[in-house]
Every structure is written in structure tokens, then in C-alpha cells.
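This is what each chain is made of:
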Amino acid sequence: MTSRPSPRTATAPTTPDLTGMKLAHRGMLDDTRRFADILGRIAGGEPCDDRRRRAIGDYLDQLCASIHHHHTIEDEVVWPILTASAGAAVDVHDLEDDHTQLDALLATLQARTAAFTSAKADHRDAANELAATLGDVHQLLGEHIADEEKVVFPIVARYVSVADWDRVENAARSGASMRFEAPRMMRHADERELAKMKREAGPVIRAVLTLLVRSFDKREAIIAGPVR
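Residues numbered from 1 in each chain as written. Predicted model: local features only at pLDDT ≥ 70, side-chain atom pairs only at ≥ 80, totals over all residues. Heavy atoms only, no water.

The name an unreviewed UniProt entry assigns to the protein chain is Hemerythrin domain-containing protein, from the organism Gordonia hongkongensis.

Q: Let's hear about the packing of helix H2 (residues 50–86) against helix H3 (residues 93–118): which residues, and what values?
A: H3 packs onto H2 with a crossing angle of 165° between their chain directions and a minimal axis gap of 10 Å. The orientation of H2 relative to H3 falls into the category roughly antiparallel. As for how H2 packs across H3, the hand of that crossing is left-handed. Here the contact of H2 with H3 is composed, by residue class, of ten nonpolar, seven polar and seven charged. (Axes fitted to C-alpha atoms, helices over the stretch in contact; angles between N-to-C directions. Helix = DSSP H or I, 4+ residues; strand = E, 2+ residues; numbered from the N terminus. Parallel < 35°, antiparallel > 145°, perpendicular 65-115°, else oblique. Left-handed = near helix turned anticlockwise from the far one by under 90°. Nonpolar A, V, L, I, M, F, W, Y, C, P; charged D, E, K, R; others polar.)

Q: Residue-level account of the environment of Gly-135, with values.
A: As for its placement among the helices and strands, Gly-135 is situated in helix H4 (residues 124–159). Taking relative accessible area as the criterion, Gly-135 reaches 28% and is therefore assigned partly exposed. For Gly-135 and Thr-32, which are 103 residues apart along the polypeptide, the C-alpha to C-alpha distance reads 6.9 Å. (Buried < 20%, exposed > 50% of the residue type's maximum accessible area, 1.4 Å probe, protein only.)

Q: Summarise the packing of aromatic side chains; cite the residues concerned and give the values.
A: This structure, assessed with the given rule, holds three aromatic pairs. When the centroid spacing of 5.0 Å and the interplanar angle of 70° are considered together, the rings of Tyr-59 and Phe-180 count as edge-to-face. On the criterion of sequence distance, the pair formed by Tyr-59 in helix H2 and Phe-180 in helix H6 (residues 178–188) is long-range, its members being 121 residues apart. Residue class for Phe-180 comes out buried when judged on its relative accessible area of 1%. The structure contains a cluster of three or more aromatic residues connected by ring pairs, namely Phe-35, Tyr-59, Phe-180 and Phe-216. One cation-aromatic arrangement involves Arg-34 over Tyr-59; the distance from NZ or CZ to the ring centre is 5.3 Å. (Phe/Tyr/Trp six-rings, centres within 6.5 Å; stacked < 30°, edge-to-face > 60°. Lys NZ or Arg CZ within 6 Å of the ring centre and 35° of its normal.)

So, in C-alpha cells, the structure goes:
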């Protein structure tokens, strides 16, 4: 009698999956960089009708909300978990200070987005101010994210349990606009990450994501403006 091989069982992950945070970081940096470029071109005279201006304003409003939500989750969930898990091995005071600076910049960004969106015939000055603020946000985010990934990611991998990191992921999804976040995550995922996301989503969610991406891409075409 021959023995049959035992069925292979899926191995549970032993370290937290940081893909979601990595994609959020990529999205913030890419959006602030590319919108600074778009607004700079508009300030330089590139055509921007009411429809495009409203689409840009709507996206930037959602981006501000997304960044604020991300940092709120870090302040209220991630930092306490790190402190409880790693103790003296981690110090997040500098990262908390960055969030205070970012909050002030985001307030300016929202105000200048509103000024640009409501501008009529001559919106070049408003576009120029908005481009400058986006550049400031991009620079501060770049420095903050580099420090965060250098300091926090190794601590999470070494000290934080998968169950505790699941709390972070659940908190991040709660209160987030998935109509905005899901297409951005797919846009910034590499091939391996995208395949994993689609595999875990299942057929129904994949169908919904297809519709969300289609709507997202239509707005992106309006935001991009005239073909250069």
C-alpha cells in the first residue's frame, strides 16, 4: 500500500505585510510631485477650463483628506503599537513633529486649492501659489517618508505581531474613501503586488475595482489636460 502525500497547507505569515503602507507612501509622493508639475504648467499658460480646474480641485481635496487620514492612523494606532511592542527600541517623536508641520501645510494646500478652483478668467496666480505649496508638501513628505521607512519598517518587522498590524490595516480602511484609495493603490503597485491584490480580492471585488479604475482614469484624462 502506497502512502499519499499530505495536502499542502498555506503557511500563515509570521511578519506583518507592509504593502499597504508602501503603496500609500508611493501615492502621496507621486501625487504631490505630478500635481506640482501640472499646476506649474497651468501657471505658465497651459489651458485649463472650468471642467479641468474642478477635477484638479476635487482630486486635491481628496488627497488632503487621504494624507490626513494616513497620519491620524499613525498617530492614534501605529505609534502606540510600536511603543507597546518595541519599548525603548523606538522613538517616534521626530515623526510626530513632522505630522504637526504637515498638518499646517495641508491647511495651506486646502486653502490654495479652494482659491484655484474658484478662480475664473485669470487663474495663473492661484495655480502658481498652489504649485509652490504642492512642492513644499512633496519635499516634507519625501523627508518624512524616508525617515519613517528607515526607522519604523525594521521595528515593525522585528517586534510587531501580524495580529497587531492587522489592527493598523483595519483602522486604515475604516474612514478611508475606497473609491479614491483603491484605484490609486492599483496604480502604484508593481506586478507582484498587483497580482497579490487581485488574487486576494476575489471575483466580485475585482469587478468593482474595474469600474472604480475606469472612473478614476476618466478623471485622470481630464486632469492631464491637452496633449503636449
